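Observations on the three-dimensional arrangement
Spelled out, the chains give:
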Amino acid sequence: SVPEVLIGSGGAAALFDAAVESAQAQIDDANRRFTRAGVALADGRSKAWLERADSPFLDEIDAVARAAGRPGAWLLNCSYEWGCTSAVTPDPAGQGMRLLRTLDWPFHGLGRALMGARMTGAVGDWFNITWPGFAGVLTANCPGRFAVAFNQTPMFARRLGPIAFPMPLDWVLNRVAMGKRRALPPAHLLRQVCDEAGDYTEAKQRICETPLAAPCFVTLAGVEPGEGCVIERHETGAIVHEAPSAITNHWLTEGLTGHARTRDTHDRLGRMQDVMEQASDLDWVTAPILNSHTRLAAEMNPATGKSLVQGYEK
């Protein structure tokens, strides 16, 4: 079962305290995957970058880091390699709009550590589908306002004339470029939007116009018929695809490309487009949308407040 916890305005530190063992297990997995020395180095760099970016959630992550007692909390709050499949479409029962999404990531334990957190922001309560100690938002339902989900874009591909850079070098260069930016990480913008945006229109405007440290795809669903879109975000601009629409991990806009981060992105998009109108009770979570890296699936309707959530492991 996915536990539901009452966090209120406690933020990431309260999420950590609600599931300390799960939070420490995520750091253990990072140490096995990247070594303790690698995690410590990346943790320090992640902290320095978030401090330069002036994230509003520095105190929350610092409290998580102190509670963890070892490196890893800053790094895990800066992980943006998520692969996903998302769609926004009218509810087949005629009750507003729905957001469908899966999140794929090779880390083990994320399906078991998944939690539904009742959060409180400036404009009311909302439901965060998240993990212990994570300050940002990747999947959330804000009843009476909107639902939102984050997808990763392809990695920017650099070229020197006709010669393409190899993907590992592009990854390093892109990280260096992102580290120099002072804008918000996408997940922290979405947390602000869930806390502060009063309705779908305000959320859409803030997501489209706020400068970001990295590109992202955002799926947004409102409460009124037709309130829904997929937003392809660049660091300083946005391209909006109105509902019904779906997104995986490649650009929908013709001419935009990059290194593919996930497999079967085109097949997953085609499958989601086929099933999203009549999807019900997670019956759409089948291959290729479902794969060995899938860690969560969710259906969210902000008009009814319903959130149906399932965790997965390999």
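The structure this text deals with has already been given above.
Before going into details, it helps to say that this report is about the structure given with it.

About the cut-offs
Residues numbered from 1 in each chain as written. Predicted model: local features only at pLDDT ≥ 70, side-chain atom pairs only at ≥ 80, totals over all residues. Heavy atoms only, no water. Helix = DSSP H or I, 4+ residues; strand = E, 2+ residues; numbered from the N terminus. Buried < 20%, exposed > 50% of the residue type's maximum accessible area, 1.4 Å probe, protein only. Polar contact = N/O pair within 3.5 Å; in protein donor to acceptor, adjacent residues only side chain to side chain. Arc of directions from axis to C-beta. Contact = heavy atoms within 4.5 Å. Salt bridge = Lys/Arg side-chain N within 4 Å of Asp/Glu carboxyl O. Pairing = 2+ DSSP bridges. Axes fitted to C-alpha atoms, helices over the stretch in contact; angles between N-to-C directions. Parallel < 35°, antiparallel > 145°, perpendicular 65-115°, else oblique. Nonpolar A, V, L, I, M, F, W, Y, C, P; charged D, E, K, R; others polar. Disulfide = S-S within 2.5 Å.

Here the focus is unusual backbone geometry. Of note, the bond from Ala-243 into Pro-244 is cis; its omega dihedral lies within 30 degrees of zero at 0°. Within the secondary structure, Pro-244 sits in the loop between strand 12 (238-242) and strand 13 (245-247). Between Ala-287 and Pro-288 the backbone carries a cis peptide bond, its omega angle lying at 5°. Relative to the assigned elements, Pro-288 resides in the loop between helix 10 (265-275) and strand 14 (294-301). Positive phi, normally seen in glycine, also occurs at Thr-35, with a value near 75°.

A word on the side chain of Thr-248. When you line up the elements, Thr-248 lands in the loop between strand 13 and helix 10. Residue class for Thr-248 comes out buried when judged on its relative accessible area of 0%. Within polar-contact distance, the side chain of Thr-248 engages the side chain of Thr-265 at 2.7 Å.

Take helix 9 (residues 200-209) next. Along an α-helix, a turn takes 3.6 residues, which lines up residues three or four apart on a common side. Restricting attention to buried positions, one finds in helix 9 the residues Tyr-200, Ala-203, Lys-204, Ile-207 and Cys-208. The buried side chains of helix 9 occupy one side of the element, clustering within an arc of 125° when seen end-on. Those residues of helix 9 that are exposed and aimed more than 90 degrees away from the buried face are Thr-201 and Glu-209. Where helix 9 starts, the residue carrying a side-chain oxygen 3.3 Å from the main-chain nitrogen of Thr-201 turns out to be Asp-199.

Looking now at the environment of Asn-141. Counting through the fold element by element, Asn-141 comes out in strand 6 (residues 139-142). A residue is classified by how much of its surface remains accessible, and Asn-141, at 0% relative accessible area, is buried. Each C-alpha atom of the pair Asn-141 and Gln-24 lies 26 Å from the other, and the pair is 117 residues apart in sequence. Contact partners of Asn-141, with chain neighbours within four places excluded, come to Trp-126, Phe-127, Phe-146, Ala-147, Met-300, Asn-301, Pro-302, Gly-305, Lys-306 and Ser-307. Only 3.0 Å separates the side chain of Asn-141 from the side chain of Ser-307, close enough to count as a polar contact.

Before going further, it helps to examine the pattern of salt bridges. By the definition in use, this model includes twelve salt bridges. Of the charged contacts in the structure, one is a salt bridge between Arg-70 and Asp-28, with a shortest N-O distance of 2.8 Å. Of the two residues, Arg-70 is situated in the loop between helix 4 (58-68) and helix 5 (73-76) and Asp-28 in helix 2 (residues 20-34); the sequence distance between them amounts to 42 residues. Here Arg-70 falls in the partly exposed class, since its relative accessible area comes to 22%. Of the residues examined, Asp-28 reaches a relative accessible area of 30% and is grouped as partly exposed.

So, about the sheet that holds strand 4 (residues 115-121). Strand order across the open sheet formed by eight strands is 1-4-5-6-7-10-11-12, with mixed pairing between neighbours. Taken across any chain shown, the strands that pair with only one partner, and hence form the sheet edges, are strand 1 (4-8) and strand 12. Sheet twist, expressed as the average angle between the axes of neighbouring strands with direction ignored, equals 20°. The pairing of strand 7 (residues 146-151) with strand 10 (residues 216-221) spans five bridges and is antiparallel. By the bridge assignment, Ala-149 is partnered in strand 10 with Thr-219.

Turning our attention to the sheet that holds strand 3 (residues 97-104). Across the sheet, which stays open at both edges, the five strands sit in the order 13-2-3-14-15 with antiparallel pairing between neighbours. What marks the edges here is a single partner per strand, and that holds for strand 13 and strand 15 (306-311). Taking each pair of neighbouring strands and ignoring which way they run, the sheet shows an average axis angle of 10°. Two strands pair when backbone bridges link them, and strand 3 and strand 14 are joined in this way by six bridges, in the antiparallel orientation. Across the sheet, Thr-102 pairs through a bridge with Ala-297, a residue of strand 14. Against the sheet, helix 10 makes contact with strand 2 (83-90), strand 3 and strand 13, and its axis sits at roughly 20° relative to strand 2, the strand it touches most.

At their nearest, the axes of helix 1 (residues 11-18) and helix 4 sit 7 Å apart, and the two run at 30° to each other. Viewed along their axes, helix 1 and helix 4 adopt a mutual orientation that is roughly parallel. In contact with Gly-11, Ala-12, Ala-13 and Phe-16 of helix 1, helix 4 contributes Glu-60, Ala-63, Val-64, Ala-67 and Ala-68. For the contact of helix 1 with helix 4, the per-class residue count stands at seven nonpolar, one polar and one charged.

So, about the state of the cysteines. Scanning the entire structure with this criterion turns up zero disulfides. Take Cys-84: it sits in no disulfide, and the sulfur closest to it among the cysteines is that of Cys-216, at 11 Å. There is no disulfide at Cys-229, and the cysteine sulfur nearest it, in Cys-208, is 6.3 Å away.

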